[in-house]
Amino acid sequence: MLSISNLSAHYGQIRALNDVSLNVDHGELVALVGPNGAGKTTLMRTISGVQDASAGTILFDGQDITKLSPSERVRQGIAQVPEGRQVFAPMSVEDNLLLGGFTRTRAESGEGIEQAYSMFPRLKERRTQQAGTLSGGEQQMLAMSRALMAKPRLLLLDEPSMGLSPLLVDETFDTIVRLRATGTTIFVVEQNAYKALSIADRGYVMETGRTVLEDAGLALLDNDAVKASYLGV
Ligand code: ATP
């Protein structure tokens, strides 16, 4: 579904992505883990189109999307939940959801909202509440639901557990597993390597702009180098 070949990205002279190749198949949950500054967020931003690639190609369902604008990529079926969730704080839960459906018809948006509420009854209870007053875990649910309003075929999640308490981290990963069970293909970037690799079909490890390891999620959890560097064991 997503096929990235020899991708590089720069901030001025700084090379943040260096010849990255990876792929995500239909229905897969793929995790990318790595330390601070490895280039994980830059990779997400390059896939969603808010950051330009300086070399390489991104194919989505066989089509070259490397030069498409972010909104064209959303229309193609890629939605991103950015790092830090970034819900529209002064707006209600429901208005946040409606914004996520900007590429859809009114009827489709109404259907999307009902689906979000049946998956997350807590959002329904808080439909008129200002999004900025939700708990961190609820904001994460809202951010994911808002992305799902575009009915994406591929969902990109950037550090979904960042800044959440351990209980809310568990809740967020449960949410990701539930989303995958609905058939959504998911690519998740995480610093919490243990959690991400525990739920992932496959994983990649990234260091200083390069992917250095690739394997099944559970195999990476069992990999000595991964254990030493990322799992503290
Ligand atoms: P973290 O887990 O800390 O968010 P990351 O793996 O997501 O890290 P990136 O944010 O992609 O890493 O950063 C990769 C590299 O690019 C870092 O060296 C960072 O300093 C640099 N970088 C990121 N954004 C910019 C920017 N806007 N201008 C200049 N350099 C940047």
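Keep in mind the model is a prediction, meaning the values are calculated, not measured.

Procedures and definitions
- Numbers given for residues are sequential positions, taken from 1 along each chain in its written order.
- Only residues with pLDDT of 70 or above have their local features reported here, since the model is predicted, and side-chain atom pairs are shown and tallied only from 80 upward, although totals for entire chains, interfaces and linings are computed over all residues.
- As a rule here, side-chain values come from all non-hydrogen atoms in the structure, and water together with hydrogens is ignored.
- Elements are defined by DSSP. Helices are runs of H or I of four residues or more, strands are runs of E of two residues or more, and each kind is numbered from the N terminus.
- For a compact globule the rule gives 2.2 Å times the number of residues to the power 0.38, and the radius of gyration it is set against comes from C-alpha atoms.
- The classification of residues rests on relative accessible area computed with a 1.4 Å probe and restricted to protein chains. Under 20% of the type maximum is buried, over 50% is exposed, and intermediate values are partly exposed.
- By definition in these notes, contact holds between two residues if any of their heavy atoms fall within 4.5 Å.
- The protein chains shown are the only cover counted for residues, whose accessible areas, like all others here, come from Shrake-Rupley with a 1.4 Å probe.
- Only four residue types enter the charge count: Lys and Arg as positive, Asp and Glu as negative, with His and the chain ends excluded.
- To locate a charge, the coordinates of NZ of Lys, CZ of Arg, CG of Asp or CD of Glu are taken.
- Whether a residue is near a molecule or strand is decided by its heavy atoms; if any one of them lies within 4 Å of it, the residue is near.
- Think of a polar contact as two N or O atoms within 3.5 Å of one another; within protein, one of them needs to be a possible hydrogen donor and the other a possible acceptor, and neighboring residues in sequence only count if both atoms come from side chains.
- Under the convention adopted here, Pro, Cys and the residues Ala, Val, Leu, Ile, Met, Phe, Trp and Tyr are nonpolar, Asp, Glu, Lys and Arg are charged, and Gly plus all remaining residues are polar.
- Here the term cavity refers to a set of points on a 1 Å grid, laid over the protein atoms alone, in which a 1.4 Å probe fits but cannot get out; the term pocket refers to an open set having protein on both sides within 12 Å along at least five of seven lines, with lining residues being those that place an atom within 4 Å of a point.
- Grid points are joined across faces, edges and corners, and a volume is the space filled by probe spheres set on the points.
- Whether two strands pair comes down to DSSP finding at least two bridges between them.
- The definition of a right-handed crossover adopted here requires that, viewed with the strands pointing away, the path from the first strand over the helix to the second runs clockwise.

Caption draft 1: View of the overall build of the protein. Secondary structure assignment for the protein yields ten helices and ten strands. Computed over the C-alpha atoms, the radius of gyration of the protein is 17 Å, within 12% of the 17 Å expected from 2.2 N^0.38 for a compact globule of 233 residues. Its C-alpha atoms give the protein principal-axis dimensions of about 45 × 40 × 30 Å. The proportion of buried residues among the 233 residues of the protein is 48%. The contacts in the protein between residues at least 6 apart in sequence include a share of 66% that link residues at least 24 apart. Summing over all exposed atoms, the protein offers an accessible surface of approximately 10400 Å²; the carbon and sulfur share of this is 50%. Of the side chains in the protein, 22 bear a positive and 27 a negative charge, and the two mean positions are spaced by 4 Å.

Caption draft 2: Structural context of the site of the ligand. The immediate surroundings of the ligand are formed by 14 residues, with Asn36, Gly37, Lys40, Thr41 and Thr42 found nearest. Between an oxygen atom of the ligand and a side-chain N or O atom of threonine 42, the distance comes to 2.5 Å. In isolation the ligand has 630 Å² of accessible area, and contact with the protein removes 61% of it. Of all the secondary structure elements, the ones that give two or more residues to the shell around the ligand are β2 (14–24) and α1 (40–48). Counting residues per element, the shell around the ligand draws most heavily on α1, which supplies three residues. Broken down by class, the residue content of the shell around the ligand amounts to five nonpolar, six polar and three charged.

Caption draft 3: Summary view of empty space enclosed by the protein. Taken as a whole and judged by the stated rule, the model has one cavity of 30 Å³ or more. Approximately 30 Å³ is the volume attributed to the largest cavity. Lining the largest cavity are Gly137, Gln140, Met141, Met144, Glu171, Thr172 and Thr175. The set of elements that each furnish at least two residues to the lining of the largest cavity consists of α6 (136–148) and α7 (166–181). Top element by residues in the lining of the largest cavity is α6. It accounts for four residues.

Caption draft 4: Molecular detail of the pairing of strand β8 (residues 185–190). Among the six residues in β8, six count as buried, and that is most of the element. Covered by surrounding structure in β8 are Thr185, Phe187 and Val189 together with Ile186, Val188 and Glu190, the residues of both alternating faces. Two strands pair when backbone bridges link them, and strand β3 (residues 29–33) and β8 are joined in this way by five bridges, in the parallel orientation. Residue pairing across strands places valine 30 opposite phenylalanine 187, the latter belonging to β8. Bridge count for strand β7 (residues 154–158) against β8 is five bridges, and the pairing is parallel. For leucine 157, the partnering residue across the bridge sits in β8 and is valine 188. Handedness of the crossover joining β7 and β8 through α7: right-handed.

In short, the description is geometric, and any link to function would need to be established separately.
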